[in-house]
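Each chain, written out:
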Amino acid sequence: MNKLYWSGIIAWGLFVSACGLTSAGAGEAQQPQDVLFLLVGGLLTCLVGLVGLCGLMGWMGRAPAEQKSYF
């Protein structure tokens, strides 16, 4: 995936976290579990974006190739 996609995932996670933080200060407007869901979901989305941006999937070792022997 392109770096732009991963940056978009991080930006979306920040947006969701910001929605959770603003609704947390709103008083009785949201249920506490809804605010917690927004915060945790947003931060987890940011973590996924950071891991993807760092290229962890490219660092994982591949299965060793089988050597072909004709003898």
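For the structure itself, consult the block above.
Residues numbered from 1 in each chain as written. Predicted model: local features only at pLDDT ≥ 70, side-chain atom pairs only at ≥ 80, totals over all residues. Heavy atoms only, no water.

## Some thoughts on the overall build of the chain
Our working rule: Segments assigned H or I by DSSP are reported as helices when at least four residues long, segments assigned E as strands when at least two residues long, and all are numbered from the N terminus. Summary of the burial criterion: residues with accessible area below 20% of their type's maximum are buried, those above 50% are exposed, and those between are partly exposed, where the area comes from a 1.4 Å probe applied to protein chains only. Here, two residues are considered to be in contact whenever any of their heavy atoms come within 4.5 Å of each other. Where accessible areas are quoted, they stem from the Shrake-Rupley method and a 1.4 Å probe; at the residue level, only the protein chains shown are allowed to cover.
Assigned secondary structure in the chain consists of three helices and zero strands. Helices (α) and strands (β) of the chain occur, in sequence order from the N terminus, as α-α-α. When the 71 residues of the chain are sorted by exposure, 17% land in the buried category. In the chain, the share of contacts with a sequence separation of at least 24, taken over all contacts with a separation of at least 6, comes to 61%. A total accessible area of about 6,000 Å² is found for the chain, and carbon and sulfur atoms account for 68% of it.

## Considerations on the packing of aromatic side chains
Given two aromatic rings, their pairing is described by the distance between the two centres and the angle made by the two planes. Going by this rule: Aromatic rings from Phe, Tyr and Trp, taking only the six-membered ring of Trp, are treated as a pair when their centres fall within 6.5 Å; an angle between ring planes under 30 degrees marks them as stacked, one over 60 as edge-to-face, and anything in between as tilted.
One pass over the structure, following the stated rule, counts one aromatic pair. Seen from their ring centres, Trp-12 and Phe-15 are 5.3 Å apart, and the 35° between their planes marks the pair as tilted. Placement of both Trp-12 and Phe-15 in helix α1 (residues 3–24) is noted, with a separation of three residues, approximately one turn of the helix.

## Details of a nonpolar patch on the surface
Using the following cut-off: A residue counts toward a patch only above 30% relative accessible area and without a salt bridge, and it is joined to like-charged neighbours within 9 Å or, for Val, Leu, Ile, Met, Phe, Trp and Tyr, to nonpolar neighbours within 5 Å. By definition here, a salt bridge exists when the distance from a side-chain nitrogen of Lys or Arg to a carboxyl oxygen of Asp or Glu is within 4 Å.
A cluster of nonpolar side chains, Leu-44, Leu-47, Val-48 and Val-51, forms an exposed patch at the surface whose accessible area comes to about 330 Å². Within the secondary structure, Leu-44 sits in helix α2 (residues 32–54).

## A short note on the packing of α1 against α2
Short version of the rule: For every element, the axis is a line fit to its C-alpha atoms; helices are fit only across the contacting stretch, and the angle between N-to-C directions ranges from 0 to 180 degrees. Here the word oblique covers every angle except those under 35 degrees (roughly parallel), over 145 (roughly antiparallel) and from 65 to 115 (roughly perpendicular). By definition, turning the near helix anticlockwise from the far helix through less than a right angle yields a left-handed crossing, and turning it clockwise yields a right-handed one. Gly is placed with the polar residues, together with every amino acid not listed as nonpolar (Ala, Val, Leu, Ile, Met, Phe, Trp, Tyr, Cys and Pro) or charged (Asp, Glu, Lys and Arg).
Relative to each other, α1 and α2 sit at 160°, their axes nearing to 7 Å. Judged by the inter-axis angle, α1 sits roughly antiparallel to α2. Crossing angle aside, the handedness with which α1 passes α2 is left-handed. The residue inventory of the contact of α1 with α2, partitioned by class, reads 17 nonpolar, eight polar and one charged.

## Considering the environment of Leu-53
Summarising the element assignment, Leu-53 is placed in helix α2. Taking the C-alpha atoms as reference, Leu-53 lies 5.6 Å from Trp-6; in sequence the two are 47 residues apart.

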